[in-house]
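Topology and contacts: notes
Residues per chain are reported as follows:
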Amino acid sequence: MTIINLNSTTAQTMQEHDDKSKKILQMVSDETEKNITTKIKFSLTIKGEDINESQNGFAFLKGEKFYYKTEDSREVICNGNTIWTHMFEDEECYIDNLEDIDNVINPKEIFTIWKSGFNYKYVDVKTIENQNIHTIKMFPSDPSKSKYHTVLLKVNENKKQIKSAIIKTKNGVIIQFNIKGLVSNPTLNDNIFVWSKEKYPNVDIIDNR
């Protein structure tokens, strides 16, 4: 009888963690999805066996389209289907189908990654500079079908925004994404989401499609 009661209590606690986490994350998604377009400023750190880099940058989001640029390194352009990765130093641009690659940073995922394929553990809330910051840990519900190991999100309750995300992949890469500013509904030209040959006539194109 004691074992049954213990398991029941544990299950209830896990469900409470799950429900509380989903409520907080849904609040963020609802707020973000009010925007037709979004601009974010971010800092990004990527660490792995063959990579260790830190960059600051900015991103534009519109529906399934995104564009982001990091200082002196790269710009990534996506029209929702095709993705162009422009490496400044190498003067090269790689073209891929978005569905064919799994190592691209899609800024939109920071706001929507939680919606499917994860279980949740509510960690804690801390007050920092009069802002309530919630920490939520996420685990793939089916690890065999996920590229992720764990995701740790920090959510600013007052601003209804993601503050940061630490994403650990199964191949040992750790991505830390910090949002330093967010602007709702900036005016954007759709041309920003498509590669321009005219803008970079000297860049070599490597088409992987």
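A few points on the structure. (Residues numbered from 1 in each chain as written. Predicted model: local features only at pLDDT ≥ 70, side-chain atom pairs only at ≥ 80, totals over all residues. Heavy atoms only, no water.)

Below, the discussion takes up the overall build of the protein chain. When you go through the protein chain residue by residue, the secondary structure sums to two helices and 12 strands. Tracing the protein chain from N to C terminus, the helices and strands come up as α-β-β-β-β-β-β-α-β-β-β-β-β-β. Seen along its three principal axes, the alpha-carbon backbone of the protein chain occupies a region of about 75 × 35 × 25 Å. Burial status across the protein chain gives 37% buried among its 209 residues. Accessible surface for the protein chain amounts to roughly 12,600 Å². Of this, 47% is attributable to carbon and sulfur atoms. Looking at the protein chain, you have 28 positive and 30 negative side-chain charges, and the mean spots of the two groups are 8 Å apart. (Helix = DSSP H or I, 4+ residues; strand = E, 2+ residues; numbered from the N terminus. Buried < 20%, exposed > 50% of the residue type's maximum accessible area, 1.4 Å probe, protein only. Areas by Shrake-Rupley, 256 points an atom, 1.4 Å probe, with all protein chains shown as cover. Lys, Arg positive; Asp, Glu negative; His and termini not counted. Charge placed at Lys NZ, Arg CZ, Asp CG, Glu CD.)

Here we take up the pattern of salt bridges. Under the defined criterion, the tally for this structure stands at six salt bridges. Put simply, Glu-31 and Lys-34 hold a salt bridge, and the shortest N to O gap is 3.3 Å. On the basis of relative accessibility, which here comes to 28%, the residue Glu-31 falls in the partly exposed class. With its nearest N and O atoms 3.5 Å apart, the salt bridge here joins Asp-190 to Lys-65. You can see Asp-190 sitting in the loop between strand S11 (174-184) and strand S12 (204-207) and its partner Lys-65 sitting in strand S3 (residues 65-70), a full 125 residues away along the chain. A relative accessible area of 26% places Lys-65 in the partly exposed class. One connected set of salt bridges, linked through shared partners, spans Lys-62, Lys-65 and Asp-190. (Salt bridge = Lys/Arg side-chain N within 4 Å of Asp/Glu carboxyl O.)

Our focus in this paragraph is the sheet that holds strand S6 (residues 92-97). Taking strand neighbours across the sheet as the criterion, the 12 strands line up as S7-S8-S9-S10-S11-S1-S2-S3-S4-S5-S6-S12 in an open arrangement whose pairing is mixed. Edge positions in the sheet fall to strand S7 (118-128) and S12, since each has one partner strand and no second. Here the strands of the sheet are splayed against their neighbours by 20 degrees on average, with no regard to which way each runs. Of the pairings in the sheet, the one linking strand S8 (residues 131-140) to strand S9 (residues 148-156) comprises six bridges and is antiparallel in character. By the bridge assignment for S9, Thr-135 is matched with Lys-154. (Pairing = 2+ DSSP bridges. Axes fitted to C-alpha atoms, helices over the stretch in contact; angles between N-to-C directions.)

What the rule picks out here adds up to zero disulfides. Looking at Cys-78, it has no disulfide partner, and the nearest cysteine sulfur is the one in Cys-93, 12 Å off. Judged by relative accessible area, which is 0%, Cys-78 ranks as buried. Its relative accessible area of 0% is what places Cys-93 among the buried residues. (Disulfide = S-S within 2.5 Å.)

Of note in the backbone geometry, Glu-91 takes a positive phi value of approximately 50 degrees without being a glycine. Its place among the elements puts Glu-91 in the loop between strand S5 (82-87) and S6. Although it is not a glycine, Lys-160 sits at a positive phi angle of roughly 55 degrees. Relative to the helices and strands, Lys-160 resides in the loop between S9 and strand S10 (161-169).

Attention now moves to the environment of Val-28. The residue Val-28 is located in helix H1 (residues 2-32) in this model. A C-alpha to C-alpha distance of 23 Å links Val-28 and Ile-174, two positions 146 residues apart in sequence. Among residues more than four places away in sequence, those in contact with Val-28 are Phe-111, Val-155, Lys-160, Gln-161 and Ile-162. (Contact = heavy atoms within 4.5 Å.)

Residue position: Ile-133 is located in strand S8. Assessed through its relative accessible area of 6%, Ile-133 is described here as buried. Residues in contact with Ile-133, not counting those within four places in the same chain, are Asp-124, Val-125, Lys-126, Ile-128, Lys-154, Val-155, Asn-156 and Lys-163.

Moving on, we get to the nonpolar core. One finds Leu-25, Ile-110, Phe-111, Met-138, Val-151 and Ile-162 to be the most contacted residues of the largest nonpolar core, which totals 34 residues. Every residue in contact with Met-138, bar those within four places of it in the chain, is listed here: Leu-25, Ile-113, Trp-114, Phe-118, Asn-119, Tyr-120, Thr-150, Val-151 and Leu-153. (Core = buried A, V, L, I, M, F, W, Y, C linked by side-chain atoms within 4.5 Å.)

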